[in-house]
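Observations on chain architecture
Residues per chain are reported as follows:
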Amino acid sequence: MAKTIEPKELTEVSEAQIAVHWKEEESYPPSEKFKAQANMRDPHILEKFGLDKFPDCFREYADMLTWFEPYHTVLDTSDAPFWKWFVGGKINAAYNCVDRHLAKYGNKAAFIFVPEPEAEQDVVIKYRELHSRVNEVAALLRGLGLKAGDRVTFHMPMVPELPITMLACARLGVIHSQVFGGFSGQACGSRIQDSGSRVLITMDSYWRNGTLVDHKANADIAVRAAKELGQDVDKVLVWQRYPGKYSAKTPMVPGRDFFVNDLLKKYEGQKVEPVALPSEGPLFLMYSSGTTGKPKGAQHGIAGYLAYVTGTSKWILDIHPEDVYWCMADIGWITGHSYIVYGPLANAATSVLYEGVPTFPDAGRPWRIAERLGVNIFHTAPTAIRMLRKLGPQEPRRYKYRFKSMTTVGEPIEPEAWRWYYNEVGKREAVITDTWWLTETGGFLGTTVPAIHAMKPGSCGPGAPGIHPVIYDETGAEVRKGSGKAGNICIRNPWPGIMQTIWGDRDRYIKTYFAKYNKNPRSKDWRDWPFMCGDGAVQAADGYYRILGRIDDVINVAGHRLGTKELESACLTVPEVAEAAVVPIQDEVKGRVPEVYIAVKPGVPPSQDVSDRVVKAIEEVIGKIARPKHVYIVPDMPKTRSGKIMRRVLAAISNRRDVGDVTTLANPDVVEQIRTMVQGKAATTTQEALPEDIAKFGDNE
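None of these values were measured; they are calculated from a predicted model.

1. Observations regarding the side chain of threonine 640
- Within the secondary structure, threonine 640 sits in the loop between strand E30 (631-633) and helix H19 (647-654).
- Of the residues examined, threonine 640 reaches a relative accessible area of 16% and is grouped as buried.
- For threonine 640, the residues in contact, after removing those within four places along its chain, are Met646, Leu665 and Ala666.

In structure tokens, the structure reads:
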């Protein structure tokens with residue numbers, strides 16, 4: 001069993017040590033039943049992926065794909081660090097995701113679309129139908145004059161038309177750029193401008209929390225914003241949520257806006273041969289979701305990316321063609337691209353695609369869907385796990401689903417939430433893969449291989465097969481495992497899923513991800529180019545990594561760096577606390593001090609006692625140096641529509657600054673309630689500029 005760390009004053013230890021005071025947790029082995037059916041269960045396979053086998057080991061990933069022409073070079077480093085994978089080959093992502101499955105799986109469901117209104121019927125799309133629909137949309141796009149290398153921006157919700165349109169672009173070699181449907185029209189416009197798109201594909205409406213949202217309104221804003229930035233949009237293609245019926249109030253613009261459903265009539269039954277594209281051709285752009293600054297377009301290539309998400313879907317998610325797999329992420333994020341669309345389809349998966357919020361109309365909705373559809377692989381984020389636990393801790397017990405494996409993604413999951421996920425959602429039967437990765441990395445970096453490694457709450461595990469992480473301190477010295485010290489986690493070697501560049505900005509790519517630890521900018525040796533992930537981490541003696549959150553989401557208190565994730569995790573050890581957010585505020589003596597916002601579980605009244613115990617928990621888990629200036633019990637956290645807490649907004653409130661535009665939040669009304677609670681009704685904001693570290697706080701959200 002795990003040792004408990006004794007509470008003690010931590011003012012005399014290094015800042016790296018302060019960030020890492022979660023206790024070491026016990027391990028949970030995978031069941032024999034799971035191991036017996038797993039795609040990867042031989043531990044010796046990992047020996048094939050040692051650094052001494054690099055880069056040829058990645059042939060294992062490429063061999064899962066179907067090639068039109070074979071590649072001749074696994075990795076070309078001649079333009080380091082702009083890596084080229086599987087050079088010389090010709091390939092098509094849509095062919096690999098759809099066409100090659102038709103003979104064996106043509107009558108099997110590729111997607112089961114579940115509308116948010118429970119009264120509406122599921123829509124089952126079999127591989128044969130997916131093939132027809134992708135071909136017709138590809139014919140339409142080709143008819144508009146689009147060709148390989150052109151960019152098209154999507155601003156679409158979670159509906160089948162989104163992956164269909166993505167695959168149609170991939171069939172032609174058109175580079176797609178999907179903007180998360182919950183983002184504002186302004187955010188979409190800036191991404192249109194950056195990518196140089198002349199076509200926007202959107203949808204008239206979609207269901208969200210019981211409301212049919214007018215989404216077309218965002219298209220008009222996006223086109224106007226792009227034009228102001230110097231980019232004209234020639235055509236706006238509008239899918240209809242209910243074909244044949246327009247469900248938005250915003251009028252169509254004649255000559256610019258067209259219903260996809262109408263245009264498709266001309267292309268009914270048409271077939272488009274998949275274009276044989278160079279391995280290193282771009283597949284898509286995925287823009288970072290930061291709330292400020294210039295959008296950063298991660299460019300992912302066809303063959304390397306597709307090989308990596310195919311392999312990790314098979315080995316880490318353990319997808320077999322007969323499984324029913326549900327990733328509850330949004331396709332507007334990289335998780336949805338990699339592990340709803342490209343990876344699962346390349347493995348002939350049957351995937352559930354859910355339109356709405358997981359808690360509509362109540363917290364039992366996901367478990368009803370899982371039971372009804374026979375879902376046996378479940379994939380979601382810690383944010384959703386905490387939300388479902390908060391609203392319905394007993395709900396999973398009411399339903400008769402059975403998961404064999406579950407994945408968590410997007411941020412570190414604290415041990416308390418992990419155990420609820422394991423005990424209640426997984427019913428102590430399912431394995432958990434706690435994955436760590438980034439938009440820029442294409443696929444999983446840190447994770448257990450579920451049939452081979454034991455699970456450990458709070459740790460993502462070792463590197464994925466072929467991934468070799470390393471932790472460096474600020475001087476570039478390697479931090480040894482088991483030392484108890486934190487540092488910046490990097491990856492020693494390139495891998496096929498890594499982004500190719502930042503669209504249109506090579507210098508920013510090098511500066512952001514490689515410059516800090518590169519010793520020779522002219523080197524063509526991959527060993528000289530460790531990839532800096534931007535996260536802090538610590539490695540236990542057993543080799544497992546614990547991710548401490550973004551390097552920039554730290555609070556420097558009297559010279560000590562406190563990871564906000566660790567502070568929030570300490571808050572969650574208080575049983576009444578459902579959610580916690582920690583932000584920095586200015587302090588004349590200490591420079592910065594933490595301020596804490598908590599939401600309590602249903603039925604728990606706010607009280608001074610709960611606040612006091614939160615302070616005590618922080619002092620015990622981390623030390624008195626981390627004592628917060630205030631603890632506010634709020635009715636709810638300000639959240640994006642994907643469920644992420646907007647710490648940037650809370651930091652602005654705490655520091656008496658304007659919160660900016662909050663209209664795109666899921667619950668904008670709560671912002672004013674919190675502001676009044678913290679500042680008082682008559683409080684005025686100061687116009688004085690914030691210090692850079694606080695101004696940038698939460699940017700990675």
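Alright, that's what it looks like, and here's the rest.
2. Regarding the state of the cysteines
- Inspection of the entire model under this criterion finds 0 disulfides.
- No disulfide involves cysteine 533; its sulfur sits 6.2 Å from the nearest other cysteine sulfur, which is in cysteine 490.

3. A few points about the packing of aromatic side chains
- For the structure shown, the criterion picks out 41 aromatic pairs.
- When the centroid spacing of 5.7 Å and the interplanar angle of 90° are considered together, the rings of tryptophan 437 and phenylalanine 444 count as edge-to-face. Assigned by exposure class, tryptophan 437 and phenylalanine 444 land together as buried.
- Look at tyrosine 472 and tyrosine 517: their rings are 4.9 Å apart centre to centre, the planes differ by 40°, and that puts the pair in the tilted class. Separated by 45 residues along the polypeptide, tyrosine 472 in strand E21 (residues 469-472) and tyrosine 517 in the loop between helix H16 (506-513) and strand E24 (531-539) bring together distant segments of the chain. Each member of the pair, tyrosine 472 together with tyrosine 517, is buried.
- Against the face of tyrosine 242 rests lysine 245, its NZ or CZ located 5.4 Å from the ring centre.
- Against the face of tyrosine 401 rests lysine 427, its NZ or CZ located 3.9 Å from the ring centre.

4. Regarding helix H20 (residues 669-679)
- By the burial criterion, the buried members of H20 are Val670, Val671, Ile674, Arg675, Val678 and Gln679. One side of H20 holds all its buried residues, which, seen down the axis, span an arc of 140°.
- Contacts from the buried residues of H20 go to strand E29 (591-600), E30 and H19.

5. Considerations on the sheet that holds strand E7 (residues 175-180)
- Strand order in the open sheet formed by 8 strands is E12-E11-E8-E6-E7-E14-E15-E23, with mixed pairing between adjacent strands. Edge positions in the open sheet fall to strand E12 (257-259) and strand E23 (501-502), since each of these has one partner strand only.
- Examined bridge by bridge, strand E6 (residues 151-156) and strand E8 (residues 199-203) share 3 bridges and lie parallel to one another. Residue pairing across strands places threonine 153 opposite leucine 200, the latter belonging to E8.

6. So, the pattern of salt bridges
- Within this structure, the stated rule accounts for 43 salt bridges.
- Where glutamate 424 meets arginine 397, a salt bridge forms, and the shortest distance between an N and an O atom there is 2.6 Å. Here arginine 397 lies in the loop between helix H14 (382-391) and strand E19 (405-408) and glutamate 424 lies in helix H15 (residues 415-425), a separation of 27 residues in the sequence.
- According to the relative accessible area criterion, arginine 397 is exposed, its value standing at 56%.
- Residues participating in the shared-partner salt-bridge network are Glu118, Asp362, Arg365 and Arg368.

Definitions and cut-offs
- Sequence order as written defines residue numbering, which begins from 1 separately in each chain.
- Selection of residues for local features in this predicted model requires a pLDDT of at least 70, selection of side-chain atom pairs for listing and counting requires 80 or more, and totals for whole chains, interfaces and linings are taken over all residues.
- Hydrogen atoms and water are omitted, and side-chain values are computed over all heavy atoms in the structure.
- Starting at the N terminus, helices and strands are each numbered in turn, a helix being any DSSP run of H or I of at least four residues and a strand any DSSP run of E of at least two.
- With a 1.4 Å probe rolled over the protein chains alone, any residue whose accessible area is under 20% of its type maximum counts as buried; one over 50% counts as exposed, and the rest are partly exposed.
- Contact between two residues is taken to exist if any of their heavy atoms lie within 4.5 Å; hydrogens are not considered.
- Two cysteine sulfur atoms make up a disulfide if the distance between them is within 2.5 Å.
- Classification of ring pairs rests on two measures: the distance between centres of Phe, Tyr or Trp rings, Trp counted by its six-membered ring, which must be within 6.5 Å, and the angle between planes, read as stacked under 30 degrees, edge-to-face over 60 and tilted in between.
- Geometrically, a charge over a ring is one whose NZ (Lys) or CZ (Arg) sits within 6 Å of the ring centre while staying within 35 degrees of the ring normal.
- Here, the arc refers to the directions that run from the helix axis to the C-beta atoms.
- A pair of strands is labelled paired if DSSP reports no fewer than 2 bridges between them.
- In the sections that follow, a salt bridge refers to a side-chain nitrogen of Lys or Arg positioned within 4 Å of a carboxyl oxygen of Asp or Glu.

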